[in-house]
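A closer look at the structure
Here's the letter readout for the chains.
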Protein chains: 2
Amino acid sequence: MSAKTSSARPASKVCCGTARDIPLSERDADDLAIVFAALSDPVRLRLLSLISSSTEGEVCACDLVPPLGKSQPTVSHHLKILFEAGLVAREKRGVWVWYRAVPKRLEAVASRLR
Amino acid sequence: MSAKTSSARPASKVCCGTARDIPLSERDADDLAIVFAALSDPVRLRLLSLISSSTEGEVCACDLVPPLGKSQPTVSHHLKILFEAGLVAREKRGVWVWYRAVPKRLEAVASRLR
DNA sequence: TCATGATATTGATAGTTGTCAATATCTTGT
DNA sequence: ACAAGATATTGACAACTATCAATATCATGA
């Protein structure tokens, strides 16, 4: 029960250190997980999509509430999470807050998936 | 309080329909969210990294438990989530189960981030 | 068949998260 | 200063999740 069968040889003691690179530090994993967690909610994905696909490149928060069918506080909460994950930027102009996507951030995340 | 200030004109009634494409259906958002949820845990990211970076292209589950510092049931649970999200494939050979990454799936997810 | 070891499942628990109603904060027009 | 409206915060609650110990399942060698 220690080594090879027909096809291969597992045995913890034998095949340790088969990884090519240092895989992913605990810290890096924690950081990455936060971004993916921000992307792991349907409402936030739709928010991000609405923002990214806007012709003007930015969207007023007031226009993000109606299409989602969620309360204003809920949308505000989700926007905050996207913001803190660096996925969107925001700018307050007068009473309104404008959100825009951060393509660089999205690109960086995508590249981590190979 | 309905329209433009210096910089722009929000007013829900005025600027509706500024989206370029149909943004992201509720169903698509749900599906995508599941994949990102699978990627939103540090342990799973490290698992995926360990599997992806292995020289042989596949890793025995028995070799995935020690480096993570988690119990065997916990690792098994995380592997199941990765599997169900389509991010890894598995093959049972004898007593052992071998895991390999699914690059196509990773690529597909990455492309959704533009 | 039996004992052994690898992996999966179950059950329980603590911590996290999405949601909304209520409320607070902040900005502008009057 | 005040009223109105946009956004954020708070508090509460239900649903979900990560984790482990215990246990079950399954394949192999003796």
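From a predicted model like this one, the values you see are computed outputs, not experimental measurements.

**Examining the sheet that holds strand β3 (residues 96-101) of chain A**
All names here are of chain A.
- If you trace the 3 strands from one edge of the open sheet to the other, you get β1-β3-β2, paired in antiparallel fashion. Of all the strands in the sheet, the pair left with one neighbour each is β1 (59-60) and β2 (88-93).
- Across 6 bridges, β2 lies against β3 in antiparallel orientation. Paired with A89 across the strands is R100, a residue of β3.
- Helix α2 (residues 42-52) contacts β1, β2 and β3 of the sheet and is inclined by roughly 90° relative to β3.

**Thoughts on the protein's contact with DNA strand D**
- The full set close to DNA strand D counts 26 residues, and Q72 and S76 of chain A together with R44, T74 and H78 of chain B are the nearest of them.
- Counting only the atoms of DNA strand D within 4 Å of the protein, the fraction contributed by sugar and phosphate is 72%.
- One of the side-chain nitrogen or oxygen atoms of H78 of chain B is found 2.3 Å away from a phosphate oxygen of DNA strand D.
- Secondary structure elements with two or more residues in the surface near DNA strand D: α3 (72-84) and β3 of chain A together with α2 (42-52) and α3 (72-84) of chain B.
- With 5 residues, α3 of chain B is the largest single contributor of residues to the surface near DNA strand D.
- Across the surface near DNA strand D, the residue classes tally to 13 nonpolar, 7 polar and 6 charged.

**Description of the pattern of salt bridges**
All names here are of chain B.
- Considering all chains together, one arrives at 8 salt bridges over all chains under this definition.
- Across the salt bridge formed by E58 and R93, the nearest N and O atoms sit 2.6 Å from each other. On the criterion of sequence distance, the pair formed by E58 in the loop between α2 and β1 (59-60) and R93 in strand β2 (residues 88-93) is long-range, its members being 35 residues apart. The same class applies to E58 and to R93, which are both buried.
- Between E91 and R93 there is a salt bridge whose closest N-O contact spans 3.1 Å.

**A look at the protein's contact with DNA strand C**
- By nearness alone, 26 residues border DNA strand C, and R44, T74 and H78 of chain A together with Q72 and S76 of chain B come closest of all.
- Near-protein atoms of DNA strand C (within 4 Å) split between backbone and bases, with sugar and phosphate holding 72%.
- Within the contact set of DNA strand C, a base nitrogen lies 2.8 Å away from a side-chain nitrogen or oxygen of Q72 of chain B.
- Looking at the surface near DNA strand C, the elements that each hand over two or more residues are α2 and α3 of chain A together with α3 and β3 (96-101) of chain B.
- The dominant element in the surface near DNA strand C, judged by the number of residues it contributes, is α3 of chain A, at 5 residues.
- Counted by class, the surface near DNA strand C contains 13 nonpolar, 7 polar and 6 charged residues.

Criteria and cut-off values
Residues numbered from 1 in each chain as written. Chains lettered and ligands numbered in written order. Predicted model: local features only at pLDDT ≥ 70, side-chain atom pairs only at ≥ 80, totals over all residues. Heavy atoms only, no water. Pairing = 2+ DSSP bridges. Helix = DSSP H or I, 4+ residues; strand = E, 2+ residues; numbered from the N terminus. Contact = heavy atoms within 4.5 Å. Axes fitted to C-alpha atoms, helices over the stretch in contact; angles between N-to-C directions. Near = heavy atom within 4 Å. Polar contact = N/O pair within 3.5 Å; in protein donor to acceptor, adjacent residues only side chain to side chain. Nonpolar A, V, L, I, M, F, W, Y, C, P; charged D, E, K, R; others polar. Salt bridge = Lys/Arg side-chain N within 4 Å of Asp/Glu carboxyl O. Buried < 20%, exposed > 50% of the residue type's maximum accessible area, 1.4 Å probe, protein only.

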